[in-house]
Amino acid sequence: MKRKFHLQDVILVALIAIIFGAIFVGTDYLYNFLAVAIGPFANEALFGLWIMAGPLAIYLTRVPGSALIGEVLGAAAEVLFGGTFGAAALLSGIVQGIGSELGFTLWRYKSWGWASLLTSAVTTTVVAFGYELFRLGYVKYAWPMILLLFLVRLASVTFFGAVCVRAVDKMLERSQVLHREKPSSAK
């Protein structure tokens with residue numbers, strides 16, 4: 001595993017951030033519509049899409065710190081593109097990036113298979129939900145509602161932050177866009 005960024009890594013993380021910044025802005029508007037229809041579940045259902053820049057950045061570059069940088073730069077791009085959440089998106093990007101990075105850190109940046117992706121999904125969900133439990137006022141809900149919101153978020157983060165990230169990685173691997181050695185733990 002690489003321990004530092006190379007130029008192609010910097011360019012790849014920057015591209016991921018710009019692309020996802022635009023996606024984040026688009027889902028901001030979708031969120032506003034869904035929030036009227038399904039209340040707080042709108043945030044939880046879309047949450048996995050909002051954290052996807054981090055795990056995608058680290059999974060493709062395999063450089064420690066990429067998840068945090070990718071997520072924060074994606075949030076910055078969202079702000080620059082005029083996202084509805086404004087500068088608050090930056091703080092959320094930091095929290096989400098830390099959560100994503102933590103999952104790969106627990107595997108010491110050596111596992112690049114389902115285990116690291118699923119661990120990252122769990123750590124991202126726990127860290128970000130813990131932060132937003134108070135910020136979004138979820139702490140005022142009854143425990144069954146809090147648990148249901150958490151489970152919807154976990155499902156969303158697992159789908160977008162693990163399943164979709166792995167699918168993108170496999171597509172890029174088949175297209176031979178990324179030139180890297182195959183890790184022994186990715187099965």
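Residues numbered from 1 in each chain as written. Predicted model: local features only at pLDDT ≥ 70, side-chain atom pairs only at ≥ 80, totals over all residues. Heavy atoms only, no water.

Undergrad: Hey, could you run me through the overall build of the protein chain in this one?
TA: What the protein chain contains, in helices and strands, is seven helices and zero strands. The principal-axis extent of the C-alpha atoms belonging to the protein chain is close to 50 × 35 × 25 Å. The 187 residues of the protein chain split such that 43% are buried. For the protein chain, restricting intrachain contacts to residue pairs at least 6 apart in sequence, the fraction spanning at least 24 positions comes to 71%. Carbon and sulfur atoms make up 73% of the accessible area of the protein chain, which totals about 9300 Å². Placing the 15 positive and 10 negative side-chain charges of the protein chain at their respective mean positions leaves the two points 9 Å apart. (Helix = DSSP H or I, 4+ residues; strand = E, 2+ residues; numbered from the N terminus. Buried < 20%, exposed > 50% of the residue type's maximum accessible area, 1.4 Å probe, protein only. Contact = heavy atoms within 4.5 Å. Areas by Shrake-Rupley, 256 points an atom, 1.4 Å probe, with all protein chains shown as cover. Lys, Arg positive; Asp, Glu negative; His and termini not counted. Charge placed at Lys NZ, Arg CZ, Asp CG, Glu CD.)

Undergrad: Would you explain the pattern of salt bridges in this entry?
TA: A pair can form between side chains of opposite charge whenever their charged atoms are brought close. Under the criterion given, the structure shown has four salt bridges. Put simply, E132 and R153 hold a salt bridge, and the shortest N to O gap is 2.4 Å. A residue pair is termed long-range when its members are at least 10 positions apart, and E132 in helix α6 (residues 114–135) and R153 in helix α7 (residues 143–175) qualify at 21 residues. (Salt bridge = Lys/Arg side-chain N within 4 Å of Asp/Glu carboxyl O.)

Undergrad: Would you mind showing me how to read the environment of R174 here?
TA: Structurally, R174 is set in helix α7. We classify R174 as exposed; its relative accessible area is 63%. Residues R174 and T27, spaced 147 residues apart in sequence, show a C-alpha to C-alpha distance of 29 Å.

Undergrad: Please explain helix α4 (residues 66–80) as it appears in this structure.
TA: Every α-helical turn comprises 3.6 residues, leaving residues that sit three or four positions apart pointing alike. For α4, built from 15 residues, the straight-helix expectation of 21 Å at 1.5 Å per residue is met to within 8% by its first-to-last C-alpha distance of 20 Å. All buried positions along α4 are accounted for by S66, A67, G70, E71, G74, A75, A77 and E78. Down the axis of α4, the buried side of the element spans an arc of 160°, and every buried residue falls inside it. Buried residues along α4 sit in contact with α1 (7–38), α2 (41–50), α3 (53–61) and α5 (88–105). Positive backbone phi, approximately 90°, marks G82, located one or two places after α4. (Expected span 1.5 Å × (residues − 1). Arc of directions from axis to C-beta.)

Undergrad: Where do I start with the packing of aromatic side chains in this structure?
TA: Describing an aromatic ring pair means giving the distance of the ring centres and the angle of the ring planes. Considering all chains together, one arrives at ten aromatic pairs under this definition. On the basis of an interplanar angle of 65° and a centroid distance of 6.1 Å, the ring pair of Y59 and W112 is categorised as edge-to-face. A residue pair is termed long-range when its members are at least 10 positions apart, and Y59 in helix α3 and W112 in the loop between α5 and α6 qualify at 53 residues. Exposure class is identical for Y59 and W112. Each is buried. (Phe/Tyr/Trp six-rings, centres within 6.5 Å; stacked < 30°, edge-to-face > 60°.)

Undergrad: Help me out: how do you make sense of the nonpolar core in this one?
TA: I16, F20 and F104 are the most contacted members of the largest nonpolar core, which totals 31 residues. Those elements giving two or more residues to this core turn out to be α1, α2, α3, α5, α6 and α7. If near-sequence neighbours (up to four positions away) are discounted, F104 is found in contact with P55, I58, Y59, Y109, W112, S116, L117 and S120. (Core = buried A, V, L, I, M, F, W, Y, C linked by side-chain atoms within 4.5 Å.)

Undergrad: I keep staring at the packing of α5 against α6 and nothing clicks. Help me out?
TA: Helix-helix packing is characterised by the crossing angle of the two axes and by the distance between the axes. Between α5 and α6, the least distance of the axes is 7 Å, while the angle of their chain directions is 145°. Crossing of α5 against α6: the hand is right-handed. Counted together, L91, S92, V95, Q96, G99, S100, L102, G103 and F104 of α5 and S116, L117, T119, S120, T123, T124, V127, A128, Y131, E132 and R135 of α6 form the full contact between these two elements. Looking at side-chain class alone, the contact of α5 with α6 contains eight nonpolar, ten polar and two charged residues. (Axes fitted to C-alpha atoms, helices over the stretch in contact; angles between N-to-C directions. Left-handed = near helix turned anticlockwise from the far one by under 90°. Nonpolar A, V, L, I, M, F, W, Y, C, P; charged D, E, K, R; others polar.)

By themselves, these figures tell us nothing about what the structure is for.
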